[in-house]
Amino acid sequence: LLGLIAANTGPLESGAELSKTSALDAASFLSKEDYFLERGYGTFVETWGQEVLPHVVLGAQVTKVDYSRADQVTVETKRGERFEARKVLMTVSTGVLASSDERNRIAFVPELPADKRDAIKSLPMGTLNKVVLQFKNDAGICGPTGKRLVNAWVLYDGPGSDDMAFVFRPLNAPLVVAFFGGDRGKALEQQGKDAMVETAMSALVTMCGKAMRDDLEVTAATRWGDNPYTFG
C-alpha cells in the first residue's frame, strides 16, 4: 500500500520519483477534477484562438533568439524566417531549453546567463506516458469490481514497482487509458510501444479477467521523453 501511495504521489502525479520531487511543491499542489476534452486539446486551442489565428504563425520551429540589442529581439526559424520585436516570451519546455539535440536546439545570442542555465537544469521534465485502448464491444464490464465503470480512475497495485493508473471510459467513451510515470515510464518508453501495451494489458487482465485482452485494441501510445518539442 505504501508503494502505491508513493507511486501515486510521485511518478503518477509529478512524473518523477518522490526522491526527485519537491515536498514544498507537493504541499502547495491544488488538485481538483481531472477533465478530458472530447475532441482533444488541438481542437480546444483552435476554437479558443479563432480571433487571433489570422495573426499567428504556426509550424515555425525556432532555431535562434538574438537578444544582443537592448531595444530589439530577433527570432529566427528553421524555415529561414526572421521576426523582430521588443520582447520575446519563451514558452518551450525546460526539456527543450536544456537539450543539446540539434533537432530542436535553440541558440541564444548571447548565451543565457549562468543563473538561468542553473534554473533550467534544476527544473527537469518528468515522464508520464499513456497507452490508449479502445473496446471493440462496449457492452460488457470493464472494471476490477465487475461493474461497468464510467469516468472512473483506478490505481493498480502491481507486483514490485509495477504500480500504474487507469481511467475507464473517460467522457463515457469506449476507452481505457493506462498511465506510466517516473523512471518506470522512461524505461517502458525505451523498451518501445509493444512493452508499454503489454504492461497495460497484463494489468487489465489481472484486474478484470482474460476476456479483456480480446475486448481491447490499441489506438495510441505516447513517448513524451523522445518528443523533440518537449523531451518530457
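Residues numbered from 1 in each chain as written. Predicted model: local features only at pLDDT ≥ 70, side-chain atom pairs only at ≥ 80, totals over all residues. Heavy atoms only, no water.

**Q** Which residues make up the packing of aromatic side chains, and what values do they have?
**A** Given two aromatic rings, their pairing is described by the distance between the two centres and the angle made by the two planes. Counted under the stated rule, the structure contains two aromatic pairs. Taking 5.2 Å as the distance between ring centres and 35° as the angle between the ring planes, the aromatic pair formed by Trp153 and Phe179 counts as tilted. With Trp153 in strand β6 (residues 152–156) and Phe179 in strand β8 (residues 175–181), the pair connects residues that are 26 residues apart, well separated along the chain. Its relative accessible area of 43% is what places Trp153 among the partly exposed residues. Note on Phe166 and Phe168: the rings are 6.4 Å apart at their centroids and 35° apart in plane angle, and the pair reads as tilted. Taking the relative accessible area as the measure of exposure, Phe168 reaches 0% and is therefore buried. Above the plane of the ring of Phe135 lies Arg169, whose end atom (NZ or CZ) is 4.8 Å from the centre. (Phe/Tyr/Trp six-rings, centres within 6.5 Å; stacked < 30°, edge-to-face > 60°. Helix = DSSP H or I, 4+ residues; strand = E, 2+ residues; numbered from the N terminus. Buried < 20%, exposed > 50% of the residue type's maximum accessible area, 1.4 Å probe, protein only. Lys NZ or Arg CZ within 6 Å of the ring centre and 35° of its normal.)

**Q** Run through helix α6 (residues 182–191), naming residues and quoting values.
**A** Every buried residue belonging to α6 is among Gly182, Arg184, Gly185, Leu188 and Glu189, and all of these are buried. The buried residues of α6 occupy an angular sector of 135° when projected down its axis, which confines them to one face. Exposed positions of α6 whose direction lies more than 90 degrees from the buried face are Gln190 and Gln191. Packing partners of the buried residues in α6 comprise β5 (128–135), β7 (164–168), β8 and α7 (193–208). One or two positions beyond α6, positive phi appears at Gly192, with a value near 110°. (Arc of directions from axis to C-beta. Contact = heavy atoms within 4.5 Å.)

Interpretation in functional terms is not warranted from these geometric data alone.
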